[in-house]
Amino acid sequence: MLDGGDSQNFPGLATPVTYTITEVIPPGSNLVITSNAGETGPCEFTVVTANNTTGVADIDLEGSCDLVITFTNTGNSTVTIEKDTIPTNNIQLFNFTSTLPGQANFGITSASGISVADVPGGTFVVQEEITPGYTLTNITCDDPDTTTNIATRTANINVSENENINCTFTNTANGTIIIEKETVPIEGMGFTFTENIPVGTGTFELDDGQSQIFNDVPPGEYTVTEDDPIMTPGEFFLSDIVCDDMGSSTNLETRTATIDLDQEETITCRFTNTTLLQGLNIIKTDSPDPVVAGQELTYDITMINESNFEATNVLLVDMLPDGVIPVDVFSNVQGVDCEFDIVGPLDPPMATCDIGNLQPEEELLVTVIVIPDPDVFDDAPVMIENKATLTAEPGGVVREATTQTLVNPMVDIEIDAGSENRSVGQGNTFQVSYDITVNPDNEEVLASLSSDDAQIRVDALDVMLDVDFPEEIEVDSVEVSQGMCTIGSVQCNFGDIMEGQTVTVIIIFIAPNERGDFTIGATVSTLGQSFSNFIFITVGGDGSSNCSLAPAGSRGPIPLYLFIPLFILVRRRMAKKG
């Protein structure tokens with residue numbers, strides 16, 4: 001029995017005689033037998049026949065030879081394969097093939113990996129098979145000698161002795177994209193589309209009422225475009241594209257839906273076409289988009305009679321989104337009766353316009369003004385939808401137009417930059433320190449407008465700072481407590497700032513070598529709102545003092561949208577008294 005580093009001597013052996021030494025190889029160990037047999041000298045004619053698999057060394061001992069036989073044992077390694085899914089799914093089974101010992105085929109889930117022990121040195125290949133509903137998005141191994149390839153779905157694992165290697169295969173759940181076709185009037189046929197969806201064929205065709213479903217689509221951004229038909233009487237034109245996803249966008253001019261698909265998401269986009277034969281068309285726009293809660297939101301609805309016949313009994317009904325306050329509705333044509341119709345206390349209001357008749361080629365504009373209620377849209381950006389329906393005779397014509405608008409909550413940001421007036425010597429450096437705070441005072445503002453408890457949280461999202469200064473002034477350095485800044489024009493991206501949190505930006509400027517008065521402006525923008533601050537710099541003297549200027553506060557002006565129309569205040573104060 002020998003331990004590592006030990007030896008056993010056998011002196012005085014008779015020669016020539018054949019001897020045998022056999023090692024019982026421990027489980028999980030590799031054996032290599034070496035000797036000095038055959039070397040020039042006394043052992044030149046001695047032969048050792050070694051079998052590393054059985055552990056046997058056969059020795060043909062010749063002459064007075066001092067023979068040294070070394071049995072070298074190395075331990076085997078362990079390879080572990082794990083599965084990760086986005087989102088987590090502990091049930092889905094993922095199948096693999098491999099050249100690992102005893103593991104030609106195996107399956108694992110996110111909750112159960114597989115470890116293979118006693119793996120000898122060498123290179124082994126582990127390949128994941130394709131799993132419907134998932135896309136392999138990453139392969140990581142904690143071994144620098146191991147290589148991975150997403151395209152071939154493989155890990156080439158280079159195993160050395162006494163090594164523990166862990167490889168994780170990450171899969172992201174796929175989604176579904178649905179494209180629907182709608183025509184007004186119904187039964188339109190033969191609309192061709194092009195798309196770049198990986199599971200698609202590149203083109204497809206739909207009739208009215210049909211849909212094209214793309215299952216098992218990897219997360220990513222894709223486009224679907226409807227071909228532009230040759231416009232002749234009786235043909236259809238693309239009048240609307242609507243997708244039920246805030247991250248996706250549509251463009252009527254390019255006839256395209258840009259679809260931002262996340263894991264396990266189903267997105268439906270509806271392409272609506274209207275025929276010129278019936279001639280009554282409706283176009284709807286919104287402004288501004290995005291809009292800030294408490295700010296006026298304007299819908300412009302244009303109706304055009306492009307037929308050769310008079311349209312009669314023309315009626316416009318605009319279903320307003322939940323959570324908006326009606327302000328005004330009117331037409332650019334005298335004699336058109338428009339009003340808000342409040343159906344019930346729990347029902348959203350609607351604007352109606354009794355247009356009457358529209359002559360051929362006549363065009364009419366209806367403007368609807370609302371205010372997203374700051375008590376309703378008080379927490380995070382929300383997408384609202386407004387649907388206008390136009391009906392007319394003859395033929396029971398129905399036209400629809402839908403507009404989606406992003407509503408951002410109100411935020412209140414204070415920019416404290418110290419004193420508004422600074423004096424500095426020519427060529428001297430001076431410091432401007434901006435403290436940008438998301439004030440919690442907005443809670444008090446909203447509480448004063450409502451009888452309800454308005455204890456909310458309004459954070460500033462994707463906050464940007466843009467500092468504007470004359471070209472005579474140079475920037476020496478910029479430091480920021482959160483986010484990143486570019487020095488040249490001093491533009492900073494802070495990311496999200498929580499309510500009550502302060503982010504500090506310290507800028508060291510170099511004054512010009514000339515006298516004069518200069519202005520440095522700072523604008524903070526977030527959620528469609530902006531806040532400004534201005535500092536007035538007087539440069540004089542020869543720069544010998546080089547004093548350090550301590551800032552003292554100046555708050556930027558309050559944005560106009562915070563001055564909510566008086567009738568909202570009256571309405572809410574009356575409700576509070578009630």
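Residues numbered from 1 in each chain as written. Predicted model: local features only at pLDDT ≥ 70, side-chain atom pairs only at ≥ 80, totals over all residues. Heavy atoms only, no water.

1. Side note on the overall build of the protein
Helices and strands together make up the secondary structure of the protein, namely 2 helices and 43 strands. Here the protein holds 578 residues, and the buried ones make up 41% of them. Considering only residue pairs separated by 6 or more positions, the protein has 71% of its internal contacts joining residues 24 or more positions apart. (Helix = DSSP H or I, 4+ residues; strand = E, 2+ residues; numbered from the N terminus. Buried < 20%, exposed > 50% of the residue type's maximum accessible area, 1.4 Å probe, protein only. Contact = heavy atoms within 4.5 Å.)

2. Notes on the state of the cysteines
What the rule picks out here adds up to 5 disulfides. Each sulfur in the disulfide pair C338 and C353 lies 2.0 Å from the other. Its S-S torsion of approximately 120° makes the covalent link between C338 and C353 right-handed. In this pair, C338 sits in strand β29 (residues 337–341) while C353 sits in strand β30 (residues 350–358), placing the two residues 15 residues apart along the sequence. Taken in N- to C-terminal order, the disulfide-linked cysteines of the protein are connected 1-2, 3-4, 5-6, 7-8, 9-10. (Disulfide = S-S within 2.5 Å.)

3. Some points on the nonpolar core
Ranked by size, the top nonpolar core spans 37 residues in total, and within it Y434, V467 and F509 carry the most contacts. Counting residues per element, the ones that place at least two in this core are β34 (413–416), β36 (429–438), β37 (460–468), β38 (474–480), β40 (491–497), β41 (502–510), β42 (516–526) and β43 (529–540). The element that contributes the greatest number of residues to this core is β36, accounting for 5 residues. Apart from the residues within four sequence positions on either side, F509 is in contact with N428, T429, F430, V432, V467, F469, I473, E474, V475, D476 and I520. (Core = buried A, V, L, I, M, F, W, Y, C linked by side-chain atoms within 4.5 Å.)

4. Overview of the pattern of salt bridges
The full count for this structure, using the stated rule, is 8 salt bridges. For the salt bridge of K181 with E226, the shortest nitrogen-to-oxygen distance reads 2.8 Å. Highlighted residues: K181 in strand β15 (residues 175–184) and E226 in strand β19 (residues 220–226), separated in sequence by 45 residues. For the pair K181 and E226, a shared accessibility class is recorded, and that class is buried. Linked through salt bridges whose partners overlap, the residues forming this network are K181, E226, D228 and R255. (Salt bridge = Lys/Arg side-chain N within 4 Å of Asp/Glu carboxyl O.)

5. A closer look at a nonpolar patch on the surface
A cluster of nonpolar residues, F10, L13 and I21, forms a patch on the protein surface that exposes about 270 Å² of accessible area. You can see I21 is positioned in strand β1 (residues 17–22). Of the residues examined, I21 reaches a relative accessible area of 32% and is grouped as partly exposed. (Patch = residues over 30% accessible without salt bridge, like charges linked within 9 Å, V, L, I, M, F, W, Y side chains within 5 Å. Areas by Shrake-Rupley, 256 points an atom, 1.4 Å probe, with all protein chains shown as cover.)

6. Looking at the sheet that holds strand β6 (residues 77–86)
The 4 strands lie next to each other as β9-β6-β14-β11, forming an open sheet whose pairing is mixed. Looking at the sheet topology across the chains shown, the edges are occupied by β9 (114–119) and β11 (134–141). In this sheet, adjacent strand axes meet at a mean angle of 20° when their direction is disregarded. (Pairing = 2+ DSSP bridges. Axes fitted to C-alpha atoms, helices over the stretch in contact; angles between N-to-C directions.)

7. Regarding the confidence of the model for the protein
Taken as a whole, the protein shows an average pLDDT of 85; of its residues, 87% reach a score of 70 or greater. With pLDDT under 50 throughout, residues 442–455 is counted as low confidence; its partners more than four residues away or in other chains account for 24 contacts. In the model, residues 543–578 has pLDDT below 50 throughout and makes 77 contacts with residues more than four positions away in sequence or in other chains. (pLDDT = per-residue confidence, 0-100.)

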